[in-house]
Amino acid sequence: IIEAAVTNETAAQAKKLLIQYQQADTGAFRDTLFTTSVHPLFRQYQAELDQYSREEAEYQELLLRYSDLCEELSVPQEPLPWSPSAMAALRGTIEEMEQRILQREEEAYICRALDDVMQELGYPLLGTREVTKRSGKRFRHALYTFEDGTAIDVTYSDDGQIAMELGGLDNQDRVPDEQETIYLCDAMEGFCTSFEQIEERLRRRGVVLKERIHMLPPTEENAQIINTEDYHLSESPS
């Protein structure tokens, strides 16, 4: 601990003084050397040792915070032995983890607010599903009943982005026929008006979507049928 606590400069100076003290040929010179050099160096050594102890104690407190954050984020806790250079690295790790938690809390609040708004506007929650891609990227879907056999699929990605898509409902994967495509394009245009209400009500809750939201334009290419078998349904599709 002592070797780690003192600076290289202090250690080198101590070795130099020890040689001078041992080679001193008179007691008077030793006394002078002790007063002018050894005693001040000892005070410097003690100050460095005290600082090391304070930093080590602070590091132990940071480790407790790090452990709590690992548990909260469900990530493995890595062994992080104490050293003076480790303090800044641990602070940086903690700051990054706290930012992740703040982002997660923000996204959870937006999710709750959007769910409240959708249901206030008369779009009940029909079902949910979660998807994890091979890349590890995660998506959570919330499906809301819109009107006349259609629904709005709200997709939350783990990077904070939100996508909203309107589609027809069926219990199988298929593409819409010509008549369904025309109807779905009209429904998508109608939802654009509803989306303005959604944005306004979210603003009242302190949520401004800005670049976070993505909506497909109401074109034939974007007309789709949503397979309800992919969702955990909370009610039967109307």
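This text follows the structure it describes.
In this text, all values refer to a predicted model and were calculated from it rather than measured experimentally.

Here we come to the side chain of Asp153. Along the polypeptide, Asp153 turns up in strand β3 (residues 150-157). A distance of 3.1 Å separates the side chain of Asp153 from the side chain of Tyr231, its partner in a polar contact. If we ignore the near neighbours within four places in the chain, the residues touching Asp153 are His141, Ala142, Leu143, Ala163, Met164, Glu165, Ile226 and Tyr231.

A word on a negative patch on the surface. Together, Asp177, Glu178, Glu220 and Glu221 make up a region of like negative charge exposed at the surface. Along the chain, Asp177 turns up in the loop between β4 (162-170) and α5 (178-204).

Taken as a whole, this structure holds 12 salt bridges when the rule is applied. Salt-bridge contacts for Arg65 lead to Glu98; the nearest nitrogen and oxygen are separated by 3.1 Å. Of this pair, Arg65 sits in helix α3 (residues 27-73) while Glu98 sits in helix α4 (residues 86-120); the two residues are 33 residues apart in sequence, bridging distant segments of the chain. With relative accessibility at 29%, the residue Glu98 sits in the partly exposed group. Through salt bridges with shared partners, a single ionic network connects Glu120, Arg201 and Arg205.

Time to look at empty space enclosed by the protein. Enumeration according to the criterion identifies 1 cavity of 30 Å³ or more in this entry. The space that makes up the largest cavity amounts to roughly 70 Å³. Lining of the largest cavity is provided by Ile152, Met164, Glu165, Leu166, Met188, Phe191, Cys192, Met215, Leu216 and Pro218. Elements supplying a minimum of two residues to the lining of the largest cavity: β4 and α5. By residue class, the composition of the lining of the largest cavity is 9 nonpolar, no polar and 1 charged.

Looking at where Ser194 falls in the secondary structure, it is placed in helix α5. Considered as a pair, Ser194 and Leu121 are 73 residues apart in the sequence and their alpha carbons are 8.5 Å apart.

Okay, the nonpolar core next. One finds Ile162, Met164 and Ile198 to be the most contacted residues of the largest nonpolar core, which totals 30 residues. Residue assignment for this core shows that the elements contributing at least two residues are α4, β2 (138-145), β3, β4 and α5. When residues of this core are assigned to their parent elements, the largest contribution, 8 residues, is made by α5. Among residues more than four places away in sequence, those in contact with Ile162 are Ile110, Leu114, Val154, Thr155, Tyr156, Leu209, Arg212, Ile213 and His214. Residues Leu69, Cys70, Leu90 and Met97 belong to the second largest nonpolar core, which totals 15 residues.

Cut-off values and rules
- Residues numbered from 1 in each chain as written.
- Predicted model: local features only at pLDDT ≥ 70, side-chain atom pairs only at ≥ 80, totals over all residues.
- Heavy atoms only, no water.
- Helix = DSSP H or I, 4+ residues; strand = E, 2+ residues; numbered from the N terminus.
- Polar contact = N/O pair within 3.5 Å; in protein donor to acceptor, adjacent residues only side chain to side chain.
- Contact = heavy atoms within 4.5 Å.
- Patch = residues over 30% accessible without salt bridge, like charges linked within 9 Å, V, L, I, M, F, W, Y side chains within 5 Å.
- Areas by Shrake-Rupley, 256 points an atom, 1.4 Å probe, with all protein chains shown as cover.
- Salt bridge = Lys/Arg side-chain N within 4 Å of Asp/Glu carboxyl O.
- Lys, Arg positive; Asp, Glu negative; His and termini not counted.
- Charge placed at Lys NZ, Arg CZ, Asp CG, Glu CD.
- Buried < 20%, exposed > 50% of the residue type's maximum accessible area, 1.4 Å probe, protein only.
- 1 Å grid on protein atoms, 1.4 Å probe; cavity = no way out; pocket = protein on both sides within 12 Å on 5 of 7 lines; lining within 4 Å.
- Points joined across faces, edges and corners; volume = space filled by probe spheres on them.
- Nonpolar A, V, L, I, M, F, W, Y, C, P; charged D, E, K, R; others polar.
- Core = buried A, V, L, I, M, F, W, Y, C linked by side-chain atoms within 4.5 Å.

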